[in-house]
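Below, each chain spelled out in residue letters.
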Amino acid sequence: MTLAKAYAVSSPTAAFAPFQVERRAVGAHDVQIEIAFCGICHSDIHQVRDEWGGSKYPMVPGHEIVGRVTAVGAHVTKFQIGDLAGVGCMVDSCRTCPSCERQLEQFCQKGSAFTYNGTEMDRKTPTYGGYSSSVVVDEAFSLKVSPKLDLAAVAPLLCAGITTYSPLRRFKTKAGDKVGVVGLGGLGHMAVKLAAAMGAEVTMLSTSPSKEADARSLGAHHFGLTSDPATFKTLAGSFDLIIDTISAPHDYNKYLGLLRLEGAMVLLGVPPEPTPVAAGSLIFGHKVLTGSLIGGIAETQEMLDFCAEHGIVSDIELIPVQQVDQAYDRMLKNDVRYRFVLDMKTL
Ligand code: NAP
Ligand code: ZN
Ligand code: ZN
């Protein structure tokens, strides 16, 4: 067992404060990672503020973790001391249920061990995330990270990257497909980069006129301002696929009208309150409305390798850990370009 430095909240309304977490002794299949950087995902805010219910405190958030391996267990084969490694939203699963066998560990039927605000598979030991100096994780849930990319800007790939890559692959995005991305934040900017790298014709659908130039430089070919009702008329019936990343309640029906015949809209954002969907929005045009949860471990590695091959990283603002509360406030004011990353050497 080692003590790791961390930043934690003690309640949904508390500010972050220094905290210590116990990391387990490095087991035979474990790697110990000295955390260099951790991204701030909007899911951290939802959970810190208990917007989804059932949050556990003290909470050390963070599931966009990158760093260097400082110890390996006797049976570890994938990593050596000194290697770069990443950890995303999960640290374990049962590995034998039908979901795990299909490499969809996020849907483990026994319940995945999420990186924080959860427990290990023993259902007792709480998990603490990446706003911390180190972590110990089974090598099966640790990802290889290419030294070719800027490490701080790789961190957000561990959640924002895989969460947007997975549905693009599930819907077999290819050259010429028309993809709409809704919401230009952490997830949205990765969706634009990844869809463009897959050859899609990308339209950014945003409430923020000030983000148009950025959307285009990230790789979007078109920009639609969603606060202007005319956008929904001009673009009606256009898209093969819509990736919806909005974190707040909004009218899905309006966006379903933008799909072509048999087109699909994938919900990634998790607003705290439900929104009604009219049957007609789906019936007319055989529209598909679905969701997607992060991605399995093998697909996460595939995404990291794809990003290394295409030189894709996140656009980040690197901040000291002491500024995490201000970063949350700025994200809620839609003031992030496009992911905050905590520099863990400031801890
Ligand atoms: P973010 O960086 O805060 O971006 C959210 C974007 O949504 C904003 O930049 C804004 O884009 C738009 N938006 C925000 N409030 C809005 C409102 N009231 N009306 C319309 N648009 C609004 O958040 P993120 O980290 O990308 O996360 C987005 C959501 O995905 C969160 O709910 C998060 O929990 C969820 N998430 C889900 C998964 C999964 O596996 N499904 C994984 C990670 C995160 P514009 O300025 O362009 O309009
Ligand atoms: Zn996340
Ligand atoms: Zn399982």
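Residues numbered from 1 in each chain as written. Chains lettered and ligands numbered in written order. Predicted model: local features only at pLDDT ≥ 70, side-chain atom pairs only at ≥ 80, totals over all residues. Heavy atoms only, no water.

Undergrad: Describe in detail the overall build of the protein chain, supporting the description with residues and values.
TA: Each helix and strand in the protein chain was counted, giving 11 helices and 17 strands. Partitioning the intrachain contacts of the protein chain with sequence separation of at least 6 by distance along the chain shows that 67% fall at a separation of at least 24. By element, 55% of the accessible surface of the protein chain is carried by carbon and sulfur atoms, the whole surface being about 14,300 Å². Here the protein chain holds 31 positive side-chain charges and 36 negative ones, and the gap between their average locations is 2 Å. (Helix = DSSP H or I, 4+ residues; strand = E, 2+ residues; numbered from the N terminus. Contact = heavy atoms within 4.5 Å. Areas by Shrake-Rupley, 256 points an atom, 1.4 Å probe, with all protein chains shown as cover. Lys, Arg positive; Asp, Glu negative; His and termini not counted. Charge placed at Lys NZ, Arg CZ, Asp CG, Glu CD.)

Undergrad: How would you explain the layout of surface pockets if you had to name every residue and give the values?
TA: The calculated volume of the largest pocket comes to roughly 1,000 Å³. Around the largest pocket, the lining is made up of 48 residues, and of these His42, Ser43, His46, Thr245 and Ser247 lie nearest the centre. Sorting the residues of the lining of the largest pocket by element identifies α1 (42-48), α5 (186-197), β11 (201-206) and α11 (324-332) as the ones contributing at least two each. The dominant element in the lining of the largest pocket, judged by the number of residues it contributes, is α1, at four residues. The residue makeup of the lining of the largest pocket, split by class, is 23 nonpolar, 22 polar and three charged. Roughly 320 Å³ of internal volume is contained in the second largest pocket. Around the second largest pocket, the lining comprises 17 residues; the ones closest to its centre are Glu22, Arg24, Glu120, Thr125 and Pro126. Only β2 (17-23), β6 (90-92) and β8 (134-138) provide two or more residues apiece to the lining of the second largest pocket. With three residues, β8 is the largest single contributor of residues to the lining of the second largest pocket. When the residues that make up the lining of the second largest pocket are grouped by side-chain class, the tally is seven nonpolar, three polar and seven charged. (1 Å grid on protein atoms, 1.4 Å probe; cavity = no way out; pocket = protein on both sides within 12 Å on 5 of 7 lines; lining within 4 Å. Points joined across faces, edges and corners; volume = space filled by probe spheres on them. Nonpolar A, V, L, I, M, F, W, Y, C, P; charged D, E, K, R; others polar.)

Undergrad: Which residues make up the coordination of the zinc ion (ligand 3), and what are the values?
TA: Surrounding the zinc ion (ligand 3) are the protein donor atoms Cys94 (SG), Cys97 (SG), Cys100 (SG) and Cys108 (SG), at 2.3 to 2.4 Å. One way to put it: the four donor atoms around the zinc ion (ligand 3) meet at angles of 102 to 120°, and that makes the site tetrahedral. Spacing between the donor residues of the zinc ion (ligand 3) along the chain follows C-x2-C-x2-C-x7-C. The same class applies to Cys94 and to Cys100, which are both buried. (Donors = N, O, S within 2.8 Å, 3.2 Å for Na, K, Ca; no water. Tetrahedral: all angles 85-135°; square planar, octahedral: opposite > 155°, others 65-115°. Buried < 20%, exposed > 50% of the residue type's maximum accessible area, 1.4 Å probe, protein only.)

Undergrad: I'd love a proper account of the sheet that holds strand β10 (residues 178-182), names of residues and values included.
TA: Note on sheets: strands pair through backbone hydrogen bonds, and any given pair is parallel or antiparallel. Read from one edge to the other, the open sheet built from six strands follows the order β12-β11-β10-β13-β14-β15, with strand pairing classed as parallel. Two strands bound the open sheet, and with one partner strand each, they are β12 (222-225) and β15 (288-291). In this sheet, adjacent strand axes meet at a mean angle of 20° when their direction is disregarded. Contacts between helix α4 (residues 160-170) and the sheet are confined to β10, β13 (239-244), β14 (259-267) and β15, with β13 contributing the most and set at about 160° to the helix. (Pairing = 2+ DSSP bridges. Axes fitted to C-alpha atoms, helices over the stretch in contact; angles between N-to-C directions.)

Undergrad: Describe the coordination of the zinc ion (ligand 2), and please don't skip the residues or the numbers.
TA: Protein coordination at the zinc ion (ligand 2): the donors are Cys41 (SG), His63 (NE2) and Cys159 (SG), at 2.0 to 2.3 Å from the metal. Mapped onto the sequence, the donors of the zinc ion (ligand 2) take the spacing C-x21-H-x95-C. Of this pair, His63 sits in the loop between α1 and β4 (65-72) while Cys159 sits in the loop between α3 (151-154) and α4, and the two are 96 residues apart along the sequence. Each member of the pair, His63 together with Cys159, is buried.

Undergrad: Let's hear about the domain arrangement of the protein chain: which residues, and what values?
TA: Annotation of the protein chain at the domain level lists domain 1 (2-158 + 314-346) and domain 2 (161-291). The gap between the C-alpha centroids of domain 1 and domain 2 is 27 Å. Listed by partner, the interface residues are 13 residues for domain 1 and 18 residues for domain 2. Of all residues in domain 1, Leu157, Asn334 and Tyr338 give up the largest surface area on contact with domain 2, accounting jointly for 40% of the area buried on that side. Counting across the domain 1 and domain 2 interface gives two salt bridges. Residue Arg337 is joined to Asp214 by a salt bridge in which the shortest nitrogen-to-oxygen separation is 3.8 Å. (Domains from an automatic or database assignment. Buried area = accessible area lost by both parts, 1.4 Å probe. Salt bridge = Lys/Arg side-chain N within 4 Å of Asp/Glu carboxyl O.)

Undergrad: Outline α4, supporting the account with residue identities and numerical values.
TA: Here α4 lies mainly inside the structure; nine of its 11 residues are buried. What α4 keeps buried is the set Ala160, Gly161, Ile162, Thr163, Thr164, Tyr165, Ser166, Pro167 and Leu168. Against β10, α5, β13, β14, α10 (297-310) and β17 (339-343) lie the buried residues of α4. One or two positions beyond α4, positive phi appears at Lys172, with a value near 50°.

Undergrad: Describe empty space enclosed by the protein, naming the residues involved and giving the relevant values.
TA: For the structure shown, the criterion picks out one cavity of 30 Å³ or more. Taken together, the residues of the lining of the largest cavity sort by class into seven nonpolar, three polar and no charged.

Undergrad: Requested: an account of the site of ligand 1, with residues and values cited.
TA: Around ligand 1 sit 28 residues in total, of which Ser206, Thr207, Ser208, Lys211 and Arg339 are the nearest. In this structure, His42 approaches ligand 1 through a side-chain N or O atom, which is 2.7 Å from an oxygen atom. Contact with the protein chains covers 89% of the free accessible surface of ligand 1, which is 920 Å². For ligand 1, the cavity whose grid points lie within 2 Å of the majority of its atoms is the largest pocket. Counting only elements with at least two residues in the shell around ligand 1, the list comes to α1 and α5. Looking at which element gives the most residues to the shell around ligand 1, the answer is α1, with three residues. Classifying every residue of the shell around ligand 1 gives 11 nonpolar, 15 polar and two charged. (Near = heavy atom within 4 Å. Polar contact = N/O pair within 3.5 Å; in protein donor to acceptor, adjacent residues only side chain to side chain. Sits in = over half its atoms within 2 Å of the grid points.)

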